[in-house]
Amino acid sequence: AETRVHEPAPQHPVRPSLFIVHITPEMAPVAKVGGLADVVFGLGQELAIRGNHVEIVLPKYDSMRYDRIYDLHEVYRDLWVPWYEAAIHCTVYFGFVHGRKCFFIEPHSQDDFFNRGSIYGFPDDVLRYAFFSRAALEFLWQAGKHPDIIHCHDWQTAFVPVLLYEIYQRLGMAHPRVCLTIHNFSHQGLIGAELLRATGLHHPERYFDRHRLGDDRYPDVLNPLKGGVVYANFVTTVSPRYAYETKDCGQAFGLEPALHAHQVKYGGVVNGIDYDVWNPELDSQIPVRYRLDTIDDKYGNKRALRQRLMLADNEKPIVAFIGRLDPQKGLELVRHAIFYTLERGGQFVLLGSSPDPGINADFWGLKRMLNDSPDCHIEIGFDDDLAHLIYAGADMMLVPSRFEPCGLTQLIALHYGTIPIVRAIGGLADTVFDKDHSTRPLHERNGYVFADYDQPGIESALGRAIRCYYDYPEHFRELMRNAMQADYSWNHPGQDYLNIYDYIRDE
Ligand code: ADP
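Residues numbered from 1 in each chain as written. Predicted model: local features only at pLDDT ≥ 70, side-chain atom pairs only at ≥ 80, totals over all residues. Heavy atoms only, no water.

1. Quick notes on the site of the ligand
No. 1: Near the ligand lie 15 residues; those nearest to it are Arg324, Lys329, Gly381, Tyr391 and Leu408.
No. 2: In the model, an oxygen atom of the ligand is placed 2.7 Å from a nitrogen or oxygen of the tyrosine 391 side chain.
No. 3: Here threonine 409 contributes a backbone N or O atom positioned 3.4 Å from an oxygen atom of the ligand.
No. 4: When the ligand is considered free in solution it has 570 Å² of accessible area, and contact with the protein chains removes 84% of it.
No. 5: Ranked by residues supplied to the shell around the ligand, first place goes to strand 10 (residues 318–324) with three residues.
No. 6: Taken together, the residues of the shell around the ligand sort by class into seven nonpolar, five polar and three charged. (Near = heavy atom within 4 Å. Polar contact = N/O pair within 3.5 Å; in protein donor to acceptor, adjacent residues only side chain to side chain. Areas by Shrake-Rupley, 256 points an atom, 1.4 Å probe, with all protein chains shown as cover. Helix = DSSP H or I, 4+ residues; strand = E, 2+ residues; numbered from the N terminus. Nonpolar A, V, L, I, M, F, W, Y, C, P; charged D, E, K, R; others polar.)

See below:
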């Protein structure tokens, strides 16, 4: 028999580090409107921790939180970005945002694209971000940066892969591959032919083609988000279920045919949450910190929440809702759940606000109606401190959305051992598994889920949760442990995105 004296040690292939550039309209906390800002912040950090070189390119808005940018300074003075028949002169700044390396592009022109006091909401928004997309690529090219991966986000920068493959590839930028993440399908950046004139794409017949940027619903309209789907090397949205719902269940606002045509490069990755911010063990915004093996300390926060909101101190479970008061969030069901919870012997806490005065007025009416109840508190407004206390102090968190691409409230609640009660759609269906009806193993079940958007639907899940709380406290405790043990940090999504990057690099 053969004997080997020196068996070579198994070689673990060291994964090569990648140079990744995010081109994005938002990043928390300096320029944040919605969830995409948190994704860029959280994912950027996770990719860097894993040994990759990550840079983030943003517009230099006048409305940014400059107090959160460290060592902001000019790095590039002579960036001329082609625009219509001429070019716009730009300055590029560099600064750190909580350790993330960020470049900020400032154009100097009468348009004052990014000095408008707020991030969105202007008639020329589509042209503003077409300009930013062009400027970001022009910057990479002139600065001699050749990232392995360019990651762009939503309609605002979906135009980047179009410009890369139609213009910059021919100029010598043949290396980068592009990943596009769609956080929201409801805005697609529709525009007419001026997009082509502004960005230097000639041959309108080429781009109005339905296989490129031609919109499927409106003739003679260009759709930059569709362009991103067509040209990017990979397209993601923020949960696998939502990827399916957008492609196959008519929820993509007209992009369904494009998603079908490009389905081999389309998928969903559930967002992570930032466990430095949302962590009952470290949270400085709650009075009593706790972890899995001191889970009883959670009830110190329940008492504090009751004191703060002047709720009765009794044996009842607290059911909470935190969110924008938007029809997307299932407001009829939230309203119904308040009365149902009170009737079933629970307490209810709501924290939310809406830009729509009609919706706010409805909830103010509800607040007045329930003002005398010692078991209900409705807080209309945005209050981060109170949100932390509710996540820590409540027993259950309700998320009955009509649609939900990913959803963060249920992920935060899980980490605080607060049991989510959710509708089985989008990211909710991918992250919450019903205690009684899931196909998952027992230790992965972490909440209550219902399917139909109606009163019997929500009653079935909420009723079961409240019954379990009263009648089987040990089972409820088990659910809390399962919830706290699940890992919804950026760890898994970070690996998923790296796998996608590897896949498109090897194509
Ligand atoms: P969406 O992005 O649709 O608003 P998500 O569930 O993805 O919903 O994210 C909502 C985030 O905003 C969560 O972190 C939630 O805690 C927070 N939030 C929403 N409304 C409020 C509010 N009124 N006060 C404090 N935090 C809020």
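The discussion continues.
2. Some thoughts on the pairing of strand 12 (residues 376–380)
Where a strand is regular, its side chains alternate between the two sheet faces.
No. 1: The buried count for strand 12 comes to four of five residues, which makes it a mostly enclosed element.
No. 2: As paired elements, strand 11 (residues 347–353) and strand 12 share five bridges and run parallel to each other. Across the sheet, the residue bridging to leucine 351 is glutamate 379, located in strand 12.
No. 3: Where the polypeptide runs from strand 11 across helix 11 (residues 357–369) and back to strand 12, its parallel neighbour, the crossover connection is right-handed. (Buried < 20%, exposed > 50% of the residue type's maximum accessible area, 1.4 Å probe, protein only. Pairing = 2+ DSSP bridges. Right-handed = clockwise from strand over helix to strand, strands pointing away.)

3. Some words on the packing of aromatic side chains
Between two aromatic rings, the relevant description is the distance of the centres plus the angle of the planes.
No. 1: Taken as a whole and judged by the stated rule, the model has 22 aromatic pairs.
No. 2: Centre to centre, the rings of tyrosine 120 and tyrosine 129 are 5.7 Å apart; their planes meet at 55°, and the pair counts as tilted.
No. 3: Judged by relative accessible area, tyrosine 120 falls into the partly exposed class, the value being 22%.
No. 4: The exposure class of tyrosine 129 is buried, given its relative accessible area of 0%.
No. 5: When the centroid spacing of 6.2 Å and the interplanar angle of 70° are considered together, the rings of tryptophan 141 and tyrosine 168 count as edge-to-face. One end of the pair, tryptophan 141, is in helix 2 (residues 125–142); the other, tyrosine 168, is in helix 3 (residues 154–168), and 27 residues separate them in sequence.
No. 6: Exposure remark for tryptophan 141: the relative accessible area of 31% places this residue in the partly exposed category.
No. 7: Its relative accessible area of 0% is what places tyrosine 168 among the buried residues.
No. 8: Three or more aromatic residues joined by ring pairs form one cluster here, namely Tyr61, Trp83, Tyr84, Phe113, Phe114, Tyr120, Tyr129, Phe131, Phe132 and Trp155. (Phe/Tyr/Trp six-rings, centres within 6.5 Å; stacked < 30°, edge-to-face > 60°.)

4. Re the packing of helix 9 (residues 298–309) against helix 12 (residues 384–393)
For any two helices packed against each other, the geometry is given by the interaxial angle and the distance between the axes.
No. 1: As a packed pair, helix 9 and helix 12 sit with axes 8 Å apart at the nearest point and diverge in direction by 130°. Classified by the angle between their axes, helix 9 and helix 12 sit oblique to one another. Seen from above, helix 9 lies across helix 12 with left-handed handedness. Contact residues: Lys298, Asn301, Lys302, Ala304, Leu305, Arg308 and Leu309 in helix 9; Asp385, Leu386, Leu389, Ile390, Tyr391, Ala392 and Gly393 in helix 12.
No. 2: Residues of the contact of helix 9 with helix 12, tallied by class, amount to eight nonpolar, two polar and four charged. (Axes fitted to C-alpha atoms, helices over the stretch in contact; angles between N-to-C directions. Parallel < 35°, antiparallel > 145°, perpendicular 65-115°, else oblique. Left-handed = near helix turned anticlockwise from the far one by under 90°. Contact = heavy atoms within 4.5 Å.)

5. Thoughts on the sheet that holds strand 1 (residues 19–23)
No. 1: Spatial ordering of the open sheet is given by 3-4-5-2-1-6-7-8-9, a layout of nine strands whose pairing is mixed. Edge strands, defined here as strands with exactly one partner in the open sheet, are strand 3 (70–83) and strand 9 (266–268). Across the sheet, the mean angle separating the axes of adjacent strands is 25° when strand polarity is ignored.
No. 2: Across three bridges, strand 8 (residues 234–237) lies against strand 9 in parallel orientation. The residue of strand 9 that forms the bridge with threonine 237 is glycine 268.
No. 3: Helix-sheet contacts for helix 3 involve strand 1, strand 6 (149–153) and strand 7 (177–182), and the interaxial angle to strand 6 is about 145°.
No. 4: In the packing of helix 6 (residues 224–231) onto the sheet, contacts are made with strand 7 and strand 8, and the angle to strand 7 comes to roughly 135°.

6. Some words on the sheet that holds strand 11
No. 1: Within the open sheet, the six strands sit side by side as 12-11-10-13-14-15. Their pairing is parallel. Edge positions in the open sheet fall to strand 12 and strand 15 (448–450), since each of these has one partner strand only. Averaged over neighbouring strand pairs, the angle between their axes works out to 15° when direction is ignored.
No. 2: Sheet strands touched by helix 15 (residues 455–471): strand 10, strand 13 (396–399), strand 14 (419–423) and strand 15. Its angle to strand 15, the strand with the most contacts, is close to 165°.
No. 3: Packed onto the sheet, helix 16 (residues 473–485) meets strand 13, strand 14 and strand 15 and runs at close to 80° relative to strand 14.

7. Notes on empty space enclosed by the protein
No. 1: Considering all chains together, one arrives at two cavities of 30 Å³ or more under this definition.
No. 2: Approximately 40 Å³ is the volume found for the largest cavity.
No. 3: Lining the largest cavity, in full, are Val126, Tyr129, Ala130, Trp155, Gln156, Phe159, Leu195 and Pro224.
No. 4: Looking at the lining of the largest cavity, the elements with two or more residues in it are helix 2 and helix 3.
No. 5: Of the residues in the lining of the largest cavity, the class split is seven nonpolar, one polar and no charged.
No. 6: Of the volumes computed, that of the second largest cavity is approximately 30 Å³.
No. 7: Lining the second largest cavity, in full, are Lys60, Glu106, Pro107, Asp112, Phe113, Phe114 and Asn115.
No. 8: Of the residues assigned to the lining of the second largest cavity, the class counts are three nonpolar, one polar and three charged. (1 Å grid on protein atoms, 1.4 Å probe; cavity = no way out; pocket = protein on both sides within 12 Å on 5 of 7 lines; lining within 4 Å. Points joined across faces, edges and corners; volume = space filled by probe spheres on them.)

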